[in-house]
Amino acid sequence: AKERGRNNYQFYTDAINQRALERMQIGSALRAAIEREEFVLHYQPQLDLDSGRVIGTEALIRWRHPEMGLVYPDRFIGIAEETGLIVAIGDWVLRTACQETKRLQGLGHPDLRVAVNLSARQFARSDLAHGIEAALQDSGLEPCCLEIEITESLMMHDVDGAIGSLRALKDLGVRLSIDDFGTGYSSLAYLKRFPIDNLKIDRSFVSDIVSGHEEAAIVSSIISLAHNLRLQVTAEGVETEEQLAYLRNRRCNKMQGYLFSKPVPAEMLPALLGACLPA
Ligand code: C2E
Ligand code: CA
Ligand code: CA
Ligand code: CA
């Protein structure tokens, strides 16, 4: 029956309708998913390149759908954003990441940090700082152990408004990081006005640093830029020893990527937290 269904997508409009249908289906299933507690967080270790040790994790959401199996965020975050459901989902992510990290700290990793991704809708809400404060208080996690990741495009719509929102978060004591740095149309002139702590170099540049001259130049420039602005810098998507060597050479501060570990369920983290990068 599945084969026949596929042959029926002869017309362009059918394909569009099919996509619209899938979006509607995912949209309504997402609503139920919150109540049924079908979401789960996986955590990807972030390592300090000087010590080679795990200093924190990035929380990444997955959806355990009863029929579709494990669904990755690229398939549903956009829909959640459009429908506004991202606000409730984002709140669940924040609370869960804080709670689970607090628990891991108690297992002998007192300084463990967690980074959480924020969507545009969440960032635009006036009660954002309140929600984060509540998640910290309810979990008992220290504010300095929570890092918030936001993309540059999210801040460029309304620069002054964004600076105000970021200030409110900084006042709570959380760390701020710019995600996917280099892919948006960030203005370097604004960068120094944002009260941020860290830049994350997008995976697309990191993946080609060994073979591509331009990518290597971009990565190297971002690291220098960050350091000149007294920011830390994280490379994401590090998959090979060669990439790691390049990043260490340029004094990049932190790395995250399959070379050390994929994102894993919270239960698997304790086994990883004691591990080290080769010197
Ligand atoms: P992102 O924030 O840029 O997260 C990094 C993505 O790269 C993750 O994909 C991660 O699994 C993947 N990755 C990490 N290391 C490597 C590597 O070495 N090689 C390769 N090929 N990939 C690597 P994931 O988990 O599928 O998440 C995709 C995107 O979904 C995230 O991109 C983020 O924008 C969004 N997302 C995930 N969780 C949340 C969430 O809780 N809230 C919001 N608003 N967005 C989220
Ligand atoms: Ca991220
Ligand atoms: Ca990223
Ligand atoms: Ca990305």
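- In the annotation of an unreviewed UniProt entry, the protein is listed under the name EAL domain-containing protein and assigned to Noviherbaspirillum pedocola.

Details of the overall build of the protein
Reasoning step 1: The helix and strand inventory of the protein stands at 13 helices and 10 strands.
Reasoning step 2: Since a compact globule built from 279 residues should have a radius of gyration of about 19 Å, the 20 Å found for the protein is in line with a globular shape.
Reasoning step 3: Reported as C-alpha extents along the three principal axes, the dimensions of the protein are approximately 55 × 45 × 45 Å.
Reasoning step 4: When the 279 residues of the protein are sorted by exposure, 47% land in the buried category.
Reasoning step 5: The long-range fraction of contacts in the protein, counting pairs at least 24 apart against all pairs at least 6 apart in sequence, stands at 66%.
Reasoning step 6: Per element, the accessible surface of the protein, about 14,500 Å² overall, is 50% carbon and sulfur.

As for the coordination of the calcium ion (ligand 3)
Reasoning step 1: Within the protein, D179 (OD), D180 (OD), E236 (OE) and E236 (OE) serve as the donor atoms for the calcium ion (ligand 3), at 2.2 to 2.7 Å.
Reasoning step 2: On the primary sequence, the residues serving as donors to the calcium ion (ligand 3) are separated as D-D-x55-E.
Reasoning step 3: The calcium ion (ligand 2) is placed at 3.8 Å from the calcium ion (ligand 3), the two being bridged by D179. You can see D180 sitting in strand β6 (residues 175-181) and its partner E236 sitting in the loop between β8 (232-235) and α12 (241-249), a full 56 residues away along the chain.
Reasoning step 4: With relative accessibility at 11%, the residue E236 sits in the buried group.

Considering the side chain of E147
Reasoning step 1: Relative to the helices and strands, E147 resides in strand β5 (residues 146-151).
Reasoning step 2: What makes E147 buried here is its relative accessible area of 3%.

Looking at the nonpolar core
Reasoning step 1: By size, the foremost hydrophobic cluster in this structure holds 80 residues, and its most contacted members are L30, I132, L146 and F194.
Reasoning step 2: The element best represented in this core is helix α4 (residues 86-105), accounting for seven residues.

Thoughts on the environment of K102
Reasoning step 1: The residue K102 is located in helix α4 in this model.
Reasoning step 2: For K102, a relative accessible area of 35% corresponds to the partly exposed category.
Reasoning step 3: Put simply, K102 and W63 are 39 residues apart on the chain and 22 Å apart in space, counted from C-alpha to C-alpha.
Reasoning step 4: Setting aside chain neighbours within four positions, we find K102 in contact with S139, G140 and L141.

A word on the site of ligand 1
Reasoning step 1: Around ligand 1 lies a shell of 22 residues, among which Q44, R62, R203, E239 and Y258 are the nearest.
Reasoning step 2: Measuring from an oxygen atom of ligand 1, one finds a side-chain N or O atom of R62 at 2.8 Å.
Reasoning step 3: Here Y258 contributes a backbone N or O atom positioned 2.8 Å from an oxygen atom of ligand 1.
Reasoning step 4: For ligand 1, whose unbound accessible area comes to 810 Å², protein coverage reaches 85%.
Reasoning step 5: When contributions to the shell around ligand 1 are tallied by element, the ones reaching two or more residues are β2 (54-65) and β6.
Reasoning step 6: Looking at the shell around ligand 1, the element that brings in the most residues is β2, giving four residues.
Reasoning step 7: For the shell around ligand 1, the per-class residue count stands at nine nonpolar, five polar and eight charged.

Considerations on empty space enclosed by the protein
It is the rolling of a water-molecule-sized probe over the atoms that shows where space remains empty.
Reasoning step 1: One pass over the structure, following the stated rule, counts one cavity of 30 Å³ or more.
Reasoning step 2: Roughly 60 Å³ of internal volume is contained in the largest cavity.
Reasoning step 3: Looking at the largest cavity, the residues that line it are Q46, I55, G56, T57, R113, V114, A115, E147 and K254.
Reasoning step 4: If you list the elements that add at least two residues to the lining of the largest cavity, you get β2 and β4 (113-117).
Reasoning step 5: Of the residues assigned to the lining of the largest cavity, the class counts are three nonpolar, three polar and three charged.

A few points about the pairing of β6
Looking along a regular strand, one sees the side chains alternate between the two faces of the sheet.
Reasoning step 1: Across the seven residues that make up β6, a large majority, six, are buried.
Reasoning step 2: Strand direction decides the pairing type here: β5 and β6, joined by five bridges, are parallel. Paired with E147 across the bridge in β6 is R175.

Describing the side chain of Q44
Reasoning step 1: Structurally, Q44 is set in strand β1 (residues 39-48).
Reasoning step 2: Given a relative accessible area of 7%, Q44 falls into the buried group.
Reasoning step 3: Separated by 3.0 Å, the side chain of Q44 and the backbone oxygen of S261 make a polar contact.
Reasoning step 4: When near neighbours in sequence (up to four residues on either side) are disregarded, Q44 contacts G56, T57, E58, L60, Q256, G257, Y258, S261, K262 and P263.

Criteria and thresholds
Residues numbered from 1 in each chain as written. Chains lettered and ligands numbered in written order. Predicted model: local features only at pLDDT ≥ 70, side-chain atom pairs only at ≥ 80, totals over all residues. Heavy atoms only, no water. Helix = DSSP H or I, 4+ residues; strand = E, 2+ residues; numbered from the N terminus. Rg over C-alpha atoms; globule rule 2.2 N^0.38 Å. Buried < 20%, exposed > 50% of the residue type's maximum accessible area, 1.4 Å probe, protein only. Contact = heavy atoms within 4.5 Å. Areas by Shrake-Rupley, 256 points an atom, 1.4 Å probe, with all protein chains shown as cover. Donors = N, O, S within 2.8 Å, 3.2 Å for Na, K, Ca; no water. Core = buried A, V, L, I, M, F, W, Y, C linked by side-chain atoms within 4.5 Å. Near = heavy atom within 4 Å. Polar contact = N/O pair within 3.5 Å; in protein donor to acceptor, adjacent residues only side chain to side chain. Nonpolar A, V, L, I, M, F, W, Y, C, P; charged D, E, K, R; others polar. 1 Å grid on protein atoms, 1.4 Å probe; cavity = no way out; pocket = protein on both sides within 12 Å on 5 of 7 lines; lining within 4 Å. Points joined across faces, edges and corners; volume = space filled by probe spheres on them. Pairing = 2+ DSSP bridges.

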